[in-house]
Amino acid sequence: MDDSGLVHLPGFWDKKDFSMEAQKISCKVGGSDLGFEAGKLARQADGAVVARLGDTVVLATAVMSDRAREGISFFPLLVDYEERLYAAGKIKGSRWVKREGRATDDAILKGRVIDRTLRPLFPYGMRNDVQVIATVLSVDGINEPDMLAVNAAAMALAISKIPFGGPVAAVRVGKVNGEYVVNPTYEQQDNSVMDLVVCGTADHIMMVEMGAQLVTEEEIVEGIKFAQPFLGQLCEAQGKFREQVGKEKAEPIIVLPHQTVIDKVKELLSDDKIEAAVYVKSKEEREANIKRLTEETVEAVKSALGEIEGVSVEKDAAEAIDKVLKKYQQKQILEHERRVDGRKLTETRPITCEVGVLPRTHGSALFTRGETQALTTVTLGSKGDEQTLDGMEDPVEGRAKRYIHHYNMPGYSVGEVAPIRGPGRREIGHGALAERAVEVVLPPQEEFPYTMRLVSEIMSSNGSTSMASTCGSTLALMDAGVPVKEVIGGCAMGLVLDEEDPSKFKVLTDIAGIEDFNGHMDFKVTGSETGVTALQLDIKVKGLTAEILAKALEQAKPARTHILSKMKEALAAPRPELSPYAPRITSFTIKPDKIREVIGSGGKTINEIIANCPGVKIDIEDSGLVMVTSTDAESAKKATEWIQNIVKEVQAGEIYEGKVTRLMDFGAFVEVLPGKEGLVHISQLANYRVGRVEDVVKVGDTLKVQVTEIDDQGRINLTHKPFAAAPSAEQMASADRGYDDYRPRKPFNHNGNHHNGHGNGRPPRRNFDR
């Protein structure tokens with residue numbers, strides 16, 4: 001314990017450097033200043049950088065463990081993108097839970113962008129745990145924080161002791177009014193035809209992600225080329241900051257197979273053995289062959305080498321076999337254009353499409369490509385079924401999402417035992433890609449007021465399951481009768497390049513799982529025959545250029561056209577009618593100032609409508625758009641007419657079948673429309689003189705009336721005379737004994753005195769028994 005009373009832990013405080021003062025650097029990108037600061041916050045992290053654009057602020061930290069994680073064959077990188085509601089001045093809406101909970105889907109997707117950008121740049125074989133956390137501290141509602149997070153994370157790694165092959169940077173590109181815009185504001189994004197995220201350097205591309213409104217391949221390439229000079233500026237600033245405040249890099253713990261084991265594996269694995277095991281059409285047969293070859297080779301290596309001190313010969317041999325097989329396949333593609341299943345580089349696998357495969361769903365489709373199979377269903381719902389998003393960047397009142405796509409990939413899809421848990425990051429990412437691909441061709445809510453939830457169940461997987469989900473989604477939507485504007489399909493492209501000479505490369509169409517695993521790129525492209533709606537690119541090595549990407553886009557287009565033709569063979573256009581099991585939505589518009597009348601005090605009116613119309617759901621927007629949803633046509637019709645009657649303006653001359661609600665001495669009140677009453681004066685109840693109102697009508701009676709007048713105060717005057725029956729002789733006689741009409745006069749009682757009763761111009765009641 002020192003003089004301050006603190007316990008001194010030997011070794012811990014000694015290795016942390018708290019002497020660094022806050023250092024800053026800025027970089028102008030497209031007219032905006034991006035500021036970076038280190039040394040002020042999170043000083044115990046190996047690297048910590050605060051990035052700022054406008055009033056949007058993100059803290060990125062990077063920490064590395066000193067030891068290798070045992071028993072793994074991958075690099076243990078963990079990336080988290082943390083949204084803080086205080087950054088937007090919000091408090092969680094729940095009454096019971098105010099702390100931020102599980103990361104939103106949006107936060108997970110942004111964390112994946114950071115992960116996919118950084119992961120390829122760490123040393124191969126590194127087994128130290130590395131954690132990168134990007135925490136959003138402030139958002140200004142103008143500048144989106146995700147690109148700041150990528151750049152801050154790369155900067156934190158660059159200045160830290162953690163081995164990292166940067167620099168790398170990220171920018172967003174939009175196209176507004178025909179002009180490319182770097183890091184567009186939220187408002188500019190709303191008017192942009194593309195949302196293109198490019199991560200890399202001035203020369204190389206590491207990661208690309210895009211959603212677009214049917215843009216051309218040429219527009220995409222131009223957008224990437226537009227981004228690269230800005231990436232260069234950010235990378236230059238990163239390099240300068242590294243020189244200014246960077247720490248000395250630590251030696252990573254690299255775990256690779258022992259060279260003796262590698263040499264023995266190469267000796268034992270002849271080309272003939274590899275050919276016989278790998279180059280077969282069936283995935284199941286290929287995997288069985290590789291498993292058998294691996295087991296035989298491992299045993300042979302163990303027999304030949306015996307034990308090696310400090311080396312797991314069995315583990316190293318298995319890893320070396322995998323590496324040898326990968327290099328052999330890459331060589332065959334580069335030099336001979338040979339693929340493991342015998343396809344040409346530009347050839348897709350066999351495709352079959354079916355629609356209406358499930359009897360009671362609102363829409364369904366089964367899309368099969370090779371050994372990859374996706375079953376997609378559509379459920380149609382009302383406006384009230386929309387998902388409300390209340391994340392950090394969403395409005396205070398929340399943001400409604402009417403098109404939802406969920407992706408599930410259970411263990412049986414790859415023949416494995418796996419527990420069923422909630423969706424992982426991969427499932428969320430794949431579902432979001434397919435959702436983004438199709439969303440742009442959906443009809444506007446005014447034309448098709450349904451909420452749409454799609455679920456893609458991966459029945460079998462051998463690569464490109466997200467693209468199968470995209471194709472299945474379009475077919476299922478058309479099967480459900482959703483009037484999509486265009487048919488959307490997708491294809492995954494692969495790449496094999498010479499790591500020593502990246503100018504030598506081959507692009508593969510419709511990659512299978514083994515080609516994804518053994519290749520250098522996974523590039524997914526979705527769109528119609530006229531343009532691209534989404535893409536996602538991941539690269540495993542440096543060396544990808546805009547020119548290579550242009551080649552991949554060019555090769556993807558005919559593949560996509562072929563896939564679309566197969567889809568149209570199953571269903572060429574959306575069905576003209578919805579499924580009989582889908583709800584029907586009747587939509588119409590009322591004046592916004594009439595909404596309160598439909599809802600009623602405390603929801604009394606609308607709840608009464610719902611209670612009296614079984615199975616009906618009613619949604620009303622602030623604009624006055626009313627949507628009545630029901631699977632029962634009669635209930636929907638009843639509710640629709642009810643609402644329309646509530647908001648209808650009564651006009652003179654109109655005829656109604658109304659309900660008598662109150663009786664007064666001077667007449668009867670009749671409800672002609674819900675909440676709207678008019679008075680039938682006693683003189684207008686019949687074609688003869690009426691002595692008492694209750695002699696003609698009672699409360700609850702239905703009375704046919706016509707509107708005679710709406711006075712200056714909005715009061716409705718009615719008459720029943722045109723519809724009243726002709727008077728009987730007795731009724732006429734009764735009328736003759738009294739006054740022959742209802743001329744205004746002062747009423748008198750039986751004794752001739754002025755009547756002191758009811759007034760309102762009506763005569764006194766006659767009592768003939770006195």
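A few points on the structure.

What counts and what doesn't
Residues numbered from 1 in each chain as written. Predicted model: local features only at pLDDT ≥ 70, side-chain atom pairs only at ≥ 80, totals over all residues. Heavy atoms only, no water. Helix = DSSP H or I, 4+ residues; strand = E, 2+ residues; numbered from the N terminus. Rg over C-alpha atoms; globule rule 2.2 N^0.38 Å. Contact = heavy atoms within 4.5 Å. Areas by Shrake-Rupley, 256 points an atom, 1.4 Å probe, with all protein chains shown as cover. Lys, Arg positive; Asp, Glu negative; His and termini not counted. Charge placed at Lys NZ, Arg CZ, Asp CG, Glu CD. Disulfide = S-S within 2.5 Å. Buried < 20%, exposed > 50% of the residue type's maximum accessible area, 1.4 Å probe, protein only. Pairing = 2+ DSSP bridges. Axes fitted to C-alpha atoms, helices over the stretch in contact; angles between N-to-C directions. Parallel < 35°, antiparallel > 145°, perpendicular 65-115°, else oblique. Left-handed = near helix turned anticlockwise from the far one by under 90°. Nonpolar A, V, L, I, M, F, W, Y, C, P; charged D, E, K, R; others polar. Core = buried A, V, L, I, M, F, W, Y, C linked by side-chain atoms within 4.5 Å. Salt bridge = Lys/Arg side-chain N within 4 Å of Asp/Glu carboxyl O. Patch = residues over 30% accessible without salt bridge, like charges linked within 9 Å, V, L, I, M, F, W, Y side chains within 5 Å. Polar contact = N/O pair within 3.5 Å; in protein donor to acceptor, adjacent residues only side chain to side chain.

### A closer look at the overall build of the protein chain
Broken down by element type, the protein chain carries 17 helices and 29 strands. Taken over C-alpha atoms, the radius of gyration comes to 37 Å for the protein chain, far larger than the 27 Å a tight globule of 770 residues would show. For the C-alpha atoms alone, the extent of the protein chain along its principal axes is close to 135 × 75 × 50 Å. Here the analysis covers contacts within the protein chain between residues at least 6 apart in sequence; of these, 69% occur between residues at least 24 apart. Carbon and sulfur atoms make up 50% of the accessible area of the protein chain, which totals about 37300 Å². Averaging the positions of the 97 positive and the 114 negative side-chain charges in the protein chain gives two centres separated by 5 Å.

### A closer look at the state of the cysteines
In protein chemistry, a disulfide is the covalent bond that joins the sulfur atoms of two cysteines. Scanning all chains against the criterion turns up zero disulfides. Here Cys491 is not cross-linked by a disulfide; its sulfur's nearest cysteine counterpart is in Cys471, at 8.5 Å. Taking relative accessible area as the criterion, Cys491 reaches 1% and is therefore assigned buried.

### Looking at the sheet that holds strand E9 (residues 192-200)
Overall, antiparallel pairing links the eight strands, which are arranged E8-E7-E9-E10-E21-E20-E18-E19 in an open sheet. At either margin of the open sheet sits one strand with a lone partner, and together these are strand E8 (179-182) and strand E19 (505-509). Direction aside, neighbouring strands of the sheet carry axes that sit 15 degrees apart on average. Each of E9, strand E10 (205-215) and strand E21 (532-539) is contacted by helix H2 (residues 105-118), which is oriented at about 135 degrees to E10, the strand it contacts most. On top of the sheet, helix H10 (residues 425-439) reaches E9, E10, strand E20 (521-527) and E21; it is set at about 150 degrees to E21, its chief contact.

### Points about the pairing of strand E4 (residues 56-68)
As judged from the seven bridges shared by strand E3 (residues 47-53) and E4, these two strands associate in the antiparallel manner. For Gly47, the partnering residue across the bridge sits in E4 and is Ala62. Count of turn residues in the E3/E4 antiparallel hairpin: two residues, of which Gly54 carries a positive phi of about 65 degrees. The sheet contact formed by E4 and strand E6 (residues 128-138) spans nine bridges and is antiparallel. What sits directly across from Ala62, in E6, is Val132.

### Some remarks on the packing of helix H6 (residues 259-268) against helix H9 (residues 313-336)
One way to put it is that H6 packs onto H9 with a least axis distance of 9 Å and a crossing angle of 55 degrees. Considering their axes alone, H6 and H9 lie oblique with respect to each other. Crossing handedness for the pair H6 and H9: right-handed. From H6, Val261, Ile262, Val265 and Lys266 reach across to H9, where they touch Val313, Asp316, Ala317, Ala320, Ile321 and Val324. Residue composition of the contact of H6 with H9, by class: eight nonpolar, no polar and two charged.

### Notes on the sheet that holds strand E22 (residues 584-589)
Strands sit in the order E22-E24-E23 across an open sheet of three strands; the sheet is antiparallel. On the outer flanks of this sheet lie E22 and strand E23 (617-620), each paired with one strand and no other. Averaged over neighbouring strand pairs, the angle between their axes works out to 15 degrees when direction is ignored. Bridge analysis of E23 against strand E24 (residues 625-630) gives four bridges, and the strand direction is antiparallel. Its bridge partner being in E24, Lys617 is matched across the sheet by Thr629. Strand contacts of helix H16 (residues 633-647): E22, E23 and E24, with the helix running at about 155 degrees to E24, the strand carrying the most contacts.

### Some thoughts on the pairing of E21
Across the eight residues of E21, eight count as buried, placing the element largely inside the fold. Taken together, the six bridges between E10 and E21 define a ladder with antiparallel strand orientation. Note that in E21 the partner of Gly211 across the bridge is Ala534. In this sheet, E21 lies alongside E20 in antiparallel orientation, the contact comprising seven bridges. When the bridges of E21 are listed, Met521 appears paired with Ile539. Linking E20 back to E21 in an antiparallel pair, the connection comprises four residues.

### Let's talk about the nonpolar core
It is characteristic of soluble globular proteins that their nonpolar side chains tend to be buried jointly. The biggest cluster of nonpolar side chains holds 143 residues, and the ones touching the most others in it are Leu118, Phe122, Val130, Leu477 and Phe523. Residue contacts for Val130: discarding those within four places in its chain leaves Val63, Met64, Phe75, Pro76, Leu77, Leu78, Phe122, Leu157 and Ile162. Counting 21 residues, the second-largest nonpolar core is a separate cluster that includes Leu269, Val313, Val324 and Leu325.

### Focus on the pattern of salt bridges
Per the stated rule, a full pass over the model turns up 50 salt bridges. Put simply, Arg369 and Asp510 hold a salt bridge, and the shortest N to O gap is 3.6 Å. With Arg369 in strand E12 (residues 363-369) and Asp510 in the loop between E19 and helix H12 (513-518), the pair connects residues that are 141 residues apart, well separated along the chain. Where Lys383 meets Glu386, a salt bridge forms, and the shortest distance between an N and an O atom there is 3.0 Å. For Lys383, a relative accessible area of 18% gives the class buried. Owing to a relative accessible area of 13%, Glu386 belongs among the buried residues under this scheme. What you see here is one network of salt bridges that share partners, running through Asp106, Lys110, Glu144, Asp146, Arg172, Asp195, Glu393 and Arg436.

### Some points on a nonpolar patch on the surface
A contiguous nonpolar patch, built from Tyr124, Ile254 and Leu256 and spanning about 300 Å² of accessible area, is present on the exposed surface. In this fold, Leu256 is placed in the loop between helix H5 (217-245) and H6.

### Observations regarding the environment of Thr526
Relative to the helices and strands, Thr526 is located in strand E20. For the pair Thr526 and Cys491, spaced 35 residues apart in the sequence, the C-alpha separation amounts to 6.5 Å. For Thr526, the contacting residues outside a window of four places in its chain are Ala437, Met467, Thr470, Ile488, Gly489, Gly490, Val532, Thr533, Ala534 and Arg560. A distance of 2.9 Å separates polar atoms of two side chains, one belonging to Thr526 and the other to Thr533.

### Details of the environment of Gln536
Among the structural elements, Gln536 can be located in strand E21. A sequence separation of 54 residues divides Gln536 from Val482, and the C-alpha atoms of the two residues are 26 Å apart. Excluding residues that lie within four positions of it along the chain, Gln536 makes contacts with Arg112, Arg116, Val208, Glu209, Leu433, Asp522, Phe523 and Lys524. Among the polar contacts made by the side chain of Gln536, one reaches the side chain of Glu209 at a distance of 3.3 Å.

### Focus: unusual backbone geometry
Gly166 connects to Pro167 through a cis peptide bond whose omega is 5 degrees. In this fold, Pro167 is placed in the loop between helix H3 (146-159) and strand E7 (169-176). The phi angle at Leu214 is positive, at roughly 55 degrees, despite the residue not being glycine. Relative to the helices and strands, Leu214 is located in strand E10. Looking at Leu214, the relative accessible area reads 25%, which means it is partly exposed. Unlike most non-glycine residues, Asp510 shows phi in positive territory, near 55 degrees. For Asp510, a relative accessible area of 0% gives the class buried.

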